[in-house]
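Residue-level structure breakdown
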Amino acid sequence: MKPKLRLLALALALVPLPAFASPSAPDMGAPDMGAPDMGAPDMGASGTDLLDLSLEELMDIEISSVSKRAQPLSRIPAAVHVISAEQIRRSGAANIPEALRLAPGVHVARFSNNRWSVSIRGFGGRFASKLLVLQDGRSLYSPLFSGVFWEFNDIPLELVERIEIVRGPGASLWGANAVNGVINIITRNAASAQGTQVSAAAGTELHGSLFASHGLALSDTTHLEVHARSQYVEPSSTPEDGRARDFWRTRQAGFRLDGKAAGDRFRLQGSVRDSMTGEHFMMPALAGRIPFLPANPSNELAYLLGRWDHVADGGITHSVQAYVERSRMDIVIARERRSTFDIEYQQQQRLGERVDFIWGAGWRHKRDEVVSGAPRFPSRFDSPRDRNDLFNLFAQGELELVPERWALTLGARVDRPDDARLAFQPNARILFTPDPAHSLWASAARAVRAGSRGERTVSGQLPARPLESPLTLGGNTYTRLAPRINGNPDFGHEYLDALDLGWRASWSSRLSTELAAYHYRYDDLRHAHRGAPAHLSPGVLTQTLTLDSTERARVSGIELSAQWRPTDAWDLAASLSMSRLSHSSVDGPTEFTEGTPERIFTLRTGYAISPTLQWDAWLRHASATQTYAFQPALRVDPYWTLDMRLGWKASRDLELSIVGQNLLDHRHTEAINEPLPSMINEVERGVHLRADWRF
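Residues numbered from 1 in each chain as written. Predicted model: local features only at pLDDT ≥ 70, side-chain atom pairs only at ≥ 80, totals over all residues. Heavy atoms only, no water.

Another aspect to go through is the overall build of the chain. Per the secondary structure count, the chain includes eight helices and 42 strands. Split into buried and exposed, the 695 residues of the chain put 58% on the buried side. (Helix = DSSP H or I, 4+ residues; strand = E, 2+ residues; numbered from the N terminus. Buried < 20%, exposed > 50% of the residue type's maximum accessible area, 1.4 Å probe, protein only.)

Encoded structure:
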């Protein structure tokens with residue numbers, strides 16, 4: 001097809017995006033409006049995918065998320081997993097959280113059709129705060145509450161080249177908040193996105209999704225790709241068979257420009273995004289029936305990112321990356337406007353014959369304005385306007401003690417925010433490779449989680465809840481308790497001291513395994529200190545909850561994963577993760593002792609029935625959890641889920657597929673939103689059809 005016709009087809013595809021994907025989203029006053037390449041291989045450009053490689057070749061896949069430079073998997077002293085674009089496609093996943101379930105040791109639970117809990121090695125929940133998530137080097141971590149709003153960071157899966165997941169601390173290179181792990185979402189190079197691509201999906205829950213992109217060559221070494229996407233997800237159901245209000249609408253457009261010349265490479269990319277979700281928040285009430293407030297949390301975001309890499313004489317690599325981002329968000333309890341500028345320089349070089357050394361420095365400037373949200377939800381921020389500067393310096397060296405056998409890695413990073421104390425985060429790793437098929441590693445590290453804007457400045461009244469039994473104080477009988485939460489301007493850092501062990505083995509060209517074990521010690525964790533109950537109104541007590549950093553915890557766990565390819569047409573992958581909180585300094589359930597299952601199991605299989613027909617199945621299990629804020633506690637029962645996909649390659653350029661999700665039951669509960677309670681929603685069985693067309 002000629003370039004002009006391709007551009008015309010793209011324009012025709014983009015015209016109906018809003019109407020196709022947003023048939024009935026209510027409007028309640030919504031606003032108008034990566035990890036670095038590091039020499040990592042471009043899987044899309046080469047046409048090679050992880051599923052096409054032997055297990056021995058998989059050991060040589062280069063990963064950049066552990067050391068900020070490309071390394072073969074067999075030489076990495078950490079628990080790492082790579083999710084390829086082909087694996088995402090064959091899984092039937094419709095968004096990033098669903099795709100993350102492909103990785104061992106990652107727990108993903110749905111609160112509703114627009115909210116998820118994503119965690120690694122514990123500490124899950126709506127406001128999970130121990131995980132750093134990146135897209136092409138741009139942090140998706142929200143400084144408002146120290147976590148990720150997944151519903152407002154809906155990256156089109158068609159753009160994803162691969163996702164690198166590091167289980168365990170990564171703070172010595174990536175900085176504060178890379179505590180339990182790092183998720184690095186790497187999008188495709190514009191050179192691998194040439195031509196036109198149109199993808200459409202529709203079904204029972206996924207009402208409609210449409211993606212279109214077009215790539216063209218500006219020269220032999222410079223390529224441009226533009227894209228747009230719109231999606232609408234239908235609401236689910238409540239346990240009482242009622243209609244929930246958890247719809248999800250996203251619209252976005254963006255571009256990416258990649259080029260190279262001599263010893264230089266450059267990248268420029270950007271995106272604009274508009275998201276809206278539906279929710280029923282439980283409102284504060286002093287007596288009587290608990291009311292629910294219908295609300296439409298929304299977000300608008302735009303960013304521009306640039307990166308330049310230069311290889312100088314002597315093989316020294318200089319890299320500079322910078323991005324600017326502006327966002328406007330309304331999450332009912334707060335409205336935030338934020339501007340961020342981030343720049344980082346790094347240098348990589350070989351010192352002698354045995355040392356690889358990398359160092360760098362960065363600066364992040366943030367300005368925001370945060371005010372109270374819905375008038376009927378009484379919350380307040382002590383300092384509405386805030387300016388913050390974060391400076392960092394890091395260095396890491398890898399020394400070959402015995403070539404091809406023993407390697408020692410030492411590194412550290414210092415983060416210096418202007419409103420908190422210095423964060424020093426060291427790391428030491430040792431790797432032993434007795435032969436090319438086996439590698440064993442051990443690491444000791446310290447990581448820091450910095451306090452968030454909300455933890456320092458928020459205050460607000462939470463909904464009144466029934467007491468387990470009536471309480472008599474001062475001659476008055478009380479049946480309900482209305483907590484009031486207060487932030488702490490002196491809230492500091494949370495600390496992790498971590499010990500990791502691992503063994504990676506390739507038993508043959510068709511079978512590989514990985515075993516990882518860990519013991520983590522957490523200090524100065526967030527804790528809500530309870531004040532004395534006091535009279536608020538007839539029958540209702542109030543109790544002040546002041547945030548401090550006094551809790552401690554110990555977590556131990558083991559993770560086992562295996563990949564087996566019995567035949568060229570059949571592949572299997574299984575993983576089992578078990579963890580246990582061995583000690584907590586606080587009696588009773590807390591946000592850290594609950595919310596994450598102790599056991600997670602997955603089994604995936606894929607079979608090529610013919611050269612044009614593929615079948616995939618995906619079985620998952622999670623053990624029981626329970627709430628910590630609801631009294632009495634609510635239990636989330638253990639559950640099994642099964643997804644299936646059947647794909648047909650109708651022609652060289654067109655693939656059709658049908659996906660069934662959560663097929664073992666009509667619906668089930670996976671997680672309950674806390675501590676800001678909302679209506680409980682259930683995950684329903686769903687089916688959707690998908691068409692992918694390239695020309």
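Having seen the structure, we can now continue with the description.
It is worth spelling out the environment of G660 at this point. Note on placement: G660 falls in strand β39 (residues 654-661). Residues G660 and D643, spaced 17 residues apart in sequence, show a C-alpha to C-alpha distance of 5.5 Å. Excluding residues within four positions of it along the chain, G660 makes contact with L642, D643, M644, G686 and V687. (Contact = heavy atoms within 4.5 Å.)

In terms of strand pairing, strand β35 (residues 613-622) meets strand β38 (residues 639-649) through ten bridges, oriented antiparallel. Bridge pairing links W618 to D643 in β38. Of the strand pairs in this sheet, β38 and β39 are connected by six bridges, and their pairing is antiparallel. Note that in β39 the partner of K649 across the bridge is E655. In sequence, β38 turns back onto β39 through a hairpin of four residues. (Pairing = 2+ DSSP bridges.)

Time to look at the sheet that holds strand β7 (residues 138-139). Sheet strands associate in pairs through backbone hydrogen bonding, adopting either a parallel or an antiparallel arrangement. Spatial strand order, β3-β8-β9-β6-β7: five strands in an open sheet with mixed pairing. Strand pairing shows two members of the sheet lacking a second neighbour, β3 (79-84) and β7, which therefore form its edges. Relative to β7, strand β6 (residues 131-135) runs antiparallel, the two sharing two bridges. Paired with L134 across the two strands is S139, which belongs to β7.

This model, assessed by the stated rule, comprises 15 aromatic pairs. Pairing W406 with F432 gives two aromatic rings, centres 4.4 Å apart and planes at 25°, and the pair type is stacked. Here W406 is found in strand β23 (residues 406-417), whereas its partner F432 is found in strand β24 (residues 423-435), with 26 residues between them in sequence. On the basis of an interplanar angle of 80° and a centroid distance of 6.3 Å, the ring pair of Y520 and Y522 is categorised as edge-to-face. Residue placement shows R138 over the ring face of Y303; its charged tip is 3.9 Å from the ring centre. The side chain of R620 reaches across the aromatic face of W618, ending 4.6 Å from its centre. (Phe/Tyr/Trp six-rings, centres within 6.5 Å; stacked < 30°, edge-to-face > 60°. Lys NZ or Arg CZ within 6 Å of the ring centre and 35° of its normal.)

Further remarks concern the nonpolar core. With 31 residues, the main nonpolar core has I96, L100, V118, I163, I165 and I183 as its most contacted residues. When contributions to this core are tallied by element, the ones reaching two or more residues are α6 (96-100), β4 (106-112), β5 (115-120), β6, β8 (160-167) and β9 (181-187). Setting aside residues up to four positions removed in sequence, I96 forms contacts with W150, I155, L157, V160, I163 and I185. Ranked by size, the runner-up nonpolar core spans 17 residues in total, among them L73, V82, V166 and L173. (Core = buried A, V, L, I, M, F, W, Y, C linked by side-chain atoms within 4.5 Å.)

This part takes up the environment of P169. Note that P169 resides in the loop between β8 and α7 (171-174). Sequence spacing of P169 and A78 is 91 residues, and the spatial spacing of their C-alpha atoms is 9.4 Å.

This part is about the pairing of β35. Most of β35 sits out of view: seven of its ten residues are buried. As paired elements, strand β34 (residues 599-610) and β35 share ten bridges and run antiparallel to each other. The partner of L603 across the bridge, within β35, is L619. Hairpin connection of β34 to β35: two residues between the antiparallel strands.

Under the definition given, this model contains 51 salt bridges. The residue E400 makes a salt bridge to R350 at a minimum N-O spacing of 3.3 Å. On the criterion of sequence distance, the pair formed by E400 in strand β22 (residues 385-402) and R350 in strand β19 (residues 334-351) is long-range, its members being 50 residues apart. Judged by its relative accessible area of 14%, E400 falls in the buried class. Here R510 and D568 are joined by a salt bridge, their closest N and O atoms 2.9 Å apart. Separated by 58 residues along the polypeptide, R510 in the loop between β29 (493-506) and β30 (511-530) and D568 in the loop between β32 (540-567) and β33 (570-584) bring together distant segments of the chain. Among the residues examined, D568 registers a relative accessible area of 70% and is labelled exposed. Overlapping salt bridges, with partners in common, bring together E86, R89, R90, D616, R645 and E655 in one network. (Salt bridge = Lys/Arg side-chain N within 4 Å of Asp/Glu carboxyl O.)

The next point concerns the side chain of T605. The topology assignment puts T605 in strand β34. Separated by 3.4 Å, the side chain of T605 and the backbone oxygen of D571 make a polar contact. Setting aside residues up to four positions removed in sequence, T605 forms contacts with W570, D571, L572, W615, D616 and A617. (Polar contact = N/O pair within 3.5 Å; in protein donor to acceptor, adjacent residues only side chain to side chain.)

The subject of this paragraph is a nonpolar patch on the surface. A contiguous nonpolar patch, built from L440, W503, W507, L511, L515, I558, L560, W564, L576 and M578 and spanning about 850 Å² of accessible area, is present on the exposed surface. Among the secondary structure elements, those contributing two or more residues to the nonpolar patch are β30, β32 and β33. It is β32 that contributes the most residues to the nonpolar patch, three residues altogether. Tracing the backbone through its elements, the reader meets L576 in strand β33. Judged by its relative accessible area of 32%, L576 falls in the partly exposed class. (Patch = residues over 30% accessible without salt bridge, like charges linked within 9 Å, V, L, I, M, F, W, Y side chains within 5 Å. Areas by Shrake-Rupley, 256 points an atom, 1.4 Å probe, with all protein chains shown as cover.)

What follows covers a positive patch on the surface. On the surface, a cluster of positive charge is made up of R326, R337, R367 and R387. Along the chain, R367 falls in strand β20 (residues 355-372). A relative accessible area of 44% places R367 in the partly exposed class. (Lys, Arg positive; Asp, Glu negative; His and termini not counted. Charge placed at Lys NZ, Arg CZ, Asp CG, Glu CD.)

Here A445 is to be found in strand β25 (residues 438-450). Considering only alpha carbons, one finds A445 and A498, 53 residues apart in sequence, at a separation of 5.2 Å. Every residue in contact with A445, bar those within four places of it in the chain, is listed here: P169, P426, N427, L496, D497 and A498.

Function cannot be inferred from these measures alone, as they are strictly geometric.
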